[in-house]
Amino acid sequence: QKEVEQNSGPLSVPEGAIASLNCTYSDRGSQSFFWYRQYSGKSPELIMFIYSNGDKEDGRFTAQLNKASQYVSLLIRDSQPSDSATYLCAFTPKGGGADGLTFGKGTHLIIQP
Amino acid sequence: ETGVTQSPTHLIKTRGQQVTLRCSSQSGHNTVSWYQQALGQGPQFIFQYYREEENGRGNFPPRFSGLQFPNYSSELNVNALELDDSALYLCASSFGTNTGELFFGEGSRLTVL
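The model shown is predicted, which means the values in this text are computed figures rather than measured ones.

Asker: I keep staring at the sheet that holds strand E1 (residues 4-6) of chain A and nothing clicks. Help me out?
Answerer: Backbone-to-backbone hydrogen bonds join strands into a sheet, with any given pair of strands oriented parallel or antiparallel. All names here are of chain A. Taken together, the five strands give an open sheet; going across it, the order is E1-E3-E8-E7-E6, and neighbouring strands pair in antiparallel fashion. Every other strand in the sheet has two partners, leaving E1 and strand E6 (54-58) as the edge strands with one partner each. Each neighbouring strand pair of the sheet contributes to a mean axis angle of 20°, computed without reference to strand direction. Here E6 pairs with strand E7 (residues 61-66) via five bridges, running antiparallel. Opposite aspartate 55, over in E7, you have glutamine 64 as the bridge partner.

Asker: How should the environment of serine 108 of chain B be read in this particular structure?
Answerer: All names here are of chain B. Among the secondary structure elements, serine 108 is positioned in strand E11 (residues 108-112). On the accessibility criterion, serine 108 (0% relative accessible area) is buried. Taking the C-alpha atoms as reference, serine 108 lies 8.3 Å from alanine 87; in sequence the two are 21 residues apart. For serine 108, the residues in contact, after removing those within four places along its chain, are Gln6, Ser7, Pro8, Thr9, Leu21, Ala87, Leu88 and Tyr89.

Asker: How should the nonpolar core be read in this particular structure?
Answerer: Among soluble globular proteins, nonpolar side chains are generally buried collectively. By size, the foremost hydrophobic cluster in this structure holds 23 residues, and its most contacted members are Phe33, Trp35, Val72, Leu74, Ile76, Tyr87 and Leu109 of chain A. When contributions to this core are tallied by element, the ones reaching two or more residues are strand E3 (19-25), strand E4 (32-38), strand E5 (45-50), E7, strand E8 (71-76), strand E9 (85-92) and strand E11 (107-112) of chain A. Other than its neighbours up to four places away in sequence, valine 72 of chain A contacts Leu21, Asn22, Cys23, Phe33, Trp35, Ile50, Gln64, Leu65 and Cys89 of chain A. Counting residues in each nonpolar core, the second largest holds 20 residues, with Ile46, Phe60, Val78 and Val112 of chain B among its members.

Reading the values: rules and limits
- Residues numbered from 1 in each chain as written.
- Chains lettered and ligands numbered in written order.
- Predicted model: local features only at pLDDT ≥ 70, side-chain atom pairs only at ≥ 80, totals over all residues.
- Heavy atoms only, no water.
- Pairing = 2+ DSSP bridges.
- Helix = DSSP H or I, 4+ residues; strand = E, 2+ residues; numbered from the N terminus.
- Axes fitted to C-alpha atoms, helices over the stretch in contact; angles between N-to-C directions.
- Buried < 20%, exposed > 50% of the residue type's maximum accessible area, 1.4 Å probe, protein only.
- Contact = heavy atoms within 4.5 Å.
- Core = buried A, V, L, I, M, F, W, Y, C linked by side-chain atoms within 4.5 Å.

See below:
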């Protein structure tokens, strides 16, 4: 069974600090990893994807992937109140996207002004 | 560029009834996936359509069925509704099947009484 584990939170972080969100996955064949942001009552929005081991930076966001440890994380620098949302970790299994994305339950992030 | 649109946004049905949900994919996208998101959970993959055929399916019973039309729009049909079918149904479009870079619509919230 393919699974994604995330701490559901809530994770409370002061404004301006670094928010660190973590995710582990069970499928060693997983190919690609994604972070989606979901505001309350809204649909998920893709914010980062990472395919190779290491770090990938995009503005205030950094995704980190360690396939050997089956671990992916998202760092948000200079956290803003507008970053308050649920962050969903997801992956595609070996073989590609036709099997769909497997999502975690999400981590609820609260940025305190 | 037109985003993903879904209809209806909210609907209420009773157990045993049937429902049809509709989705128009983002301009330029040829693949549509459907996900079910129960309250407090991550989205779960129902199926994916490409070239008007089901291209992949998650762990959902046959009473969940779909269609894709030549203009890439799609329908999700659920027969014999059960109380546990109450959820947010998300349509996501993408270019190609082998990707987790999805663009979600705002969803259709189904309540089964």
